[in-house]
Every structure is written in structure tokens, then in C-alpha cells.
Amino acid sequence: MSDASRQIVCGHCGKINRLPAERSLTGARCGSCHQPIFSGHPIEVDEAGFGRHVAHSDIPVLVDVWAPWCGPCRAMAPMFERAARELEPRVRLLKLNSDTAPSVSSRLGISGIPTLLLMQGGREIARTSGAMDTQNIVAWTTAGLARSR
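Throughout what follows, the structure given in this document is the object of discussion. Here the residue numbers are simple positions, counted from 1 along each chain's written sequence. For this predicted model, a pLDDT threshold of at least 70 governs which residues receive local features, and a threshold of 80 or more governs which side-chain atom pairs are given and counted, while totals over whole chains, interfaces and linings are taken from all residues. For side-chain calculations, the full set of non-hydrogen atoms in the structure is used, while hydrogens and water are omitted.

**Re the sheet that holds strand β6 (residues 115-120)**
Strands belonging to one sheet form pairs held by backbone hydrogen bonds; the direction of such a pair is parallel or antiparallel. Spelled out, the test is: Here a strand pair is declared whenever DSSP counts at least two bridges between the two strands. A helix here means a DSSP run of H or I that spans at least four residues, while a strand means a run of E at least two residues long, and both kinds are numbered starting from the N terminus. Angles here are taken between N-to-C directions and fall from 0 to 180 degrees, while the axes themselves are lines fitted to C-alpha atoms, restricted in helices to the stretch in contact. Any two residues whose heavy atoms approach within 4.5 Å are treated as being in contact.
Across the sheet, five strands lie side by side as β3-β5-β4-β6-β7; this open sheet has mixed pairing. Because the sheet does not close on itself, it has two edges, and the strands there are β3 (43-45) and β7 (123-129). For this sheet, the mean inter-axis angle between neighbouring strands, taken without regard to orientation, is 25°. Against the sheet, helix α2 (residues 71-87) touches β4 (61-66), β5 (92-97) and β6, its axis set at about 160° to β5.

**Considerations on the packing of aromatic side chains**
Convention followed: Any two of the Phe, Tyr and Trp rings considered here, Trp counted by its six-membered ring, make a pair once their centres fall within 6.5 Å; the pair's planes then place it as stacked at under 30 degrees, edge-to-face at over 60, or tilted in between. We count a charge as sitting over a ring when the NZ of a lysine or the CZ of an arginine lies within 6 Å of the ring centre and within 35 degrees of the ring normal.
Evaluated as defined, the whole model comprises zero aromatic pairs. Directly above the aromatic system of Trp 66 lies the positively charged group of Lys 95, at a separation of 5.0 Å from the ring centroid.

**Thoughts on the pattern of salt bridges**
Rule in force here: Whenever Lys or Arg places a side-chain nitrogen within 4 Å of a carboxyl oxygen from Asp or Glu, that contact is recorded as a salt bridge. Under the scheme applied here, a residue whose accessible area is under 20% of the maximum for its type counts as buried, over 50% as exposed, and between as partly exposed, the area being computed with a 1.4 Å probe on protein chains only.
The tally for this structure, following the rule as stated, stands at three salt bridges. Put simply, Glu 124 and Arg 127 hold a salt bridge, and the shortest N to O gap is 2.8 Å. A relative accessible area of 32% means that Glu 124 is categorised as partly exposed. Residue class for Arg 127 comes out partly exposed when judged on its relative accessible area of 32%.

**Considerations on the nonpolar core**
Heads up, the rule is: Working definition of a nonpolar core: buried Ala, Val, Leu, Ile, Met, Phe, Trp, Tyr and Cys residues. They are joined through side-chain atoms within 4.5 Å.
In this structure, Leu 62, Leu 87, Leu 93, Leu 116, Ile 137 and Trp 140 are the most contacted members of the largest nonpolar core, which totals 16 residues. Broken down by secondary-structure element, the contributors of at least two residues to this core are α2, β6 and α4 (134-148). When residues in this core are grouped by element, the largest group, five residues, is from α2.

**Overview of the environment of Cys 33**
Along the polypeptide, Cys 33 turns up in the loop between β2 (16-20) and β3. By relative accessible area, Cys 33 is classed as partly exposed at 26%. Sequence separation between Cys 33 and Gly 14 is 19 residues; the distance between their C-alpha atoms is 9.4 Å. Those residues in contact with Cys 33 that lie beyond four places of it in its chain are Cys 10, His 12 and Cys 13.

**A look at unusual backbone geometry**
Look at the link from Glu 88 to Pro 89: it is a cis peptide, with omega at 5°. Tracing the sequence through the fold places Pro 89 in the loop between α2 and β5. A cis geometry characterises the amide bond from Ile 113 onward to Pro 114, with omega recorded as 0°. You can see Pro 114 is positioned in the loop between α3 (102-107) and β6. Even without a glycine there, the phi angle at His 34 is positive, about 65°. Mapped onto the elements, His 34 comes out in the loop between β2 and β3.

Written as C-alpha cells, this is what we have:
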């Protein structure tokens, strides 16, 4: 039996869960709050939540940096929501409001929104700006993951 495991941050309570690597993430529940670790929806995070997910998730993280006043961001929101249903549990999807997370946005060098960041192992592996539909979000993410291997 292997003792390899993966860390996954719960989208509900923020606790770090350690799951056996050979176990499917589909249907996994948080050991702390007992909610499903994946819900098929992006998680809205603040600066601390962003840092926690990026630093402690062993799966890739796709971040939508957006703002409520941004028309293209609002237009892309339902597409990003649908992409979560297709990409989870292989990828964790986060939404980061640049207005309420200015220091993270500045540190990441966000100059236009919406911006998608694909992160793995705490580092950025791909970035794109501009609104996309669900199919393009999924294709861009999949291609970025393939290039990083």
C-alpha cells in the first residue's frame, strides 16, 4: 500500500485535507466540515483564501481575476461556472475580485481583467487576459497543464 497523498483545500471551511493519491477526488468530503471538497462551482476567495489554495493544493488552481464593474468579467462569469463542472476535480477553480484583493492583484502584475491564471505547485504556469467561453477556458487550461508536464 502506498503512503502517497495529495493535499486539497476545502472550498467551504478552508481546512487542508490530505487524501490518498490513489483515491478518486470525485465525491471526496472534507474531514473537518464534512462538505464535498468539490461542488462543481468556482470558489470566491479573498487574499488569504487565494494564498491558502495556491500554497496548499497539490492539484492545479485556475484563478479568474475579475471585478464587479467589468462588463467582460460579468459576461464570462457563467462560462467560468460551467468550466468548473468540466474541470473539477482535476483543477480547483477560484474567483478573485481584484477590487477587494489589490495587494494580490498588484503582486501578480494584473494589468487587465478578466485575467485567468493557471497555477501549480505555488507558481504560475500560464496566463491569459480577455473573456472566453466555456469551451475555450477548458481547452486553454488543458493545454497549459499539458505544457507544464
